[in-house]
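# Survey of secondary and tertiary structure
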Amino acid sequence: CHGLEDHLLLEARNGCADPVTPNALKRLFDAGQKKLQFVVVSACHSESSGQAFIDAGIPHVLCCEKDSELMNKAAMKLSRHLYQCLASGRTLSVSFELAK
């Protein structure tokens, strides 16, 4: 997934880029039966998409600031440590603090 200020570029079934706006993300998650508790938006400039998840009622969202580019190696390292901590039973807050 790649992020631009006004949308995320997801990969469609045919392998082409499929732009998804923050409003489309919010509608998608508003329509869901089950509410997620945590979302990681691993993409550059993903603040507006992250806000869409928050607006849809997801209480914990990790994303990049609007004017920031995500460094792949740093993102992979943070994700790996975050998920390892969560898998070992730590809380989300503790896992995030240890991962960053």
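Before reading on, note that the structure itself is shown above.
The notes below deal with the structure included here. (Residues numbered from 1 in each chain as written. Predicted model: local features only at pLDDT ≥ 70, side-chain atom pairs only at ≥ 80, totals over all residues. Heavy atoms only, no water.)

### Describing the overall build of the protein chain
Helix and strand content of the protein chain: four helices and five strands. Shown N-terminal to C-terminal, the secondary structure of the protein chain runs as helices and strands in the order β-β-β-α-β-α-β-α-α. A principal-axis box enclosing the C-alpha atoms of the protein chain has dimensions of 35 × 30 × 25 Å. When contacts within the protein chain are restricted to residue pairs at least 6 apart in sequence, long-range pairs at least 24 apart make up 37% of them. With an accessible surface of roughly 6900 Å², the protein chain has 54% of that area assigned to carbon and sulfur atoms. (Helix = DSSP H or I, 4+ residues; strand = E, 2+ residues; numbered from the N terminus. Contact = heavy atoms within 4.5 Å. Areas by Shrake-Rupley, 256 points an atom, 1.4 Å probe, with all protein chains shown as cover.)

### Observations regarding the environment of Gly-32
Following the sequence through the fold, Gly-32 ends up in the loop between α1 (22-30) and β4 (38-40). For Gly-32, a relative accessible area of 33% puts it in the partly exposed group. In this structure, the C-alpha to C-alpha distance between Gly-32 and Ala-56, residues 24 residues apart in sequence, is 9.7 Å. (Buried < 20%, exposed > 50% of the residue type's maximum accessible area, 1.4 Å probe, protein only.)

### Some points on the pattern of salt bridges
Between side chains of opposite charge, pairing is possible as soon as their charged atoms come close. Under the defined criterion, the tally for this structure stands at one salt bridge. The partner of Lys-100 in a salt bridge is Glu-97, and the shortest N-O contact between them spans 3.4 Å. Residue classification places Glu-97 among the partly exposed positions, given a relative accessible area of 47%. (Salt bridge = Lys/Arg side-chain N within 4 Å of Asp/Glu carboxyl O.)

### Considerations on the nonpolar core
Generally speaking, nonpolar side chains in soluble globular proteins are found buried as a group. One finds Leu-8, Val-20, Leu-25, Val-39, Val-41, Ala-43, Ala-52, Phe-53 and Ile-58 forming the largest nonpolar core, which totals nine residues. Those residues in contact with Phe-53 that lie beyond four places of it in its chain are Leu-25, Phe-29, Val-39, Val-41, Ile-58 and Val-61. (Core = buried A, V, L, I, M, F, W, Y, C linked by side-chain atoms within 4.5 Å.)

### Concerning the pairing of strand β2 (residues 7-11)
Bridging between β2 and strand β3 (residues 17-20) involves four bridges; their strand directions are antiparallel. Paired with Leu-8 across the two strands is Val-20, which belongs to β3. Between β2 and β3, which follow one another and run antiparallel, lie five residues, and Gly-15 among them has a positive phi close to 90°. (Pairing = 2+ DSSP bridges.)

### Notes on the environment of His-60
Positionally, His-60 belongs in strand β5 (residues 60-62). With 47 residues separating them along the chain, His-60 and Arg-13 place their C-alpha atoms 28 Å apart.

### Some thoughts on the packing of helix α3 (residues 72-87) against helix α4 (residues 92-99)
Axis separation between α3 and α4 bottoms out at 8 Å; the angle between their running directions is 145°. Judged by the sense of rotation from one axis to the other, the crossing of α3 with α4 is right-handed. Every residue of α4 that contacts α3 at Leu-78, His-81, Leu-82, Cys-85 and Leu-86 is listed here: Leu-92, Ser-95, Phe-96, Leu-98 and Ala-99. (Axes fitted to C-alpha atoms, helices over the stretch in contact; angles between N-to-C directions. Left-handed = near helix turned anticlockwise from the far one by under 90°.)

### Thoughts on α3
Look at α3: 22 Å from first C-alpha to last across 16 residues, which is about the 22 Å you get at 1.5 Å a residue. Among the residues of α3, Ala-75, Ser-79, Leu-82 and Cys-85 are the ones counted as buried. Mapping the buried residues of α3 onto a view down its axis gives an arc of 135°, with all of them on the same face. The outward face of α3, more than 90 degrees from its buried face, is lined by the exposed residues Lys-73, Met-76 and Ala-87. Those residues of α3 that are buried are in contact with β4, β5 and α4. One or two positions beyond α3, positive phi appears at Gly-89, with a value near 100°. (Expected span 1.5 Å × (residues − 1). Arc of directions from axis to C-beta.)

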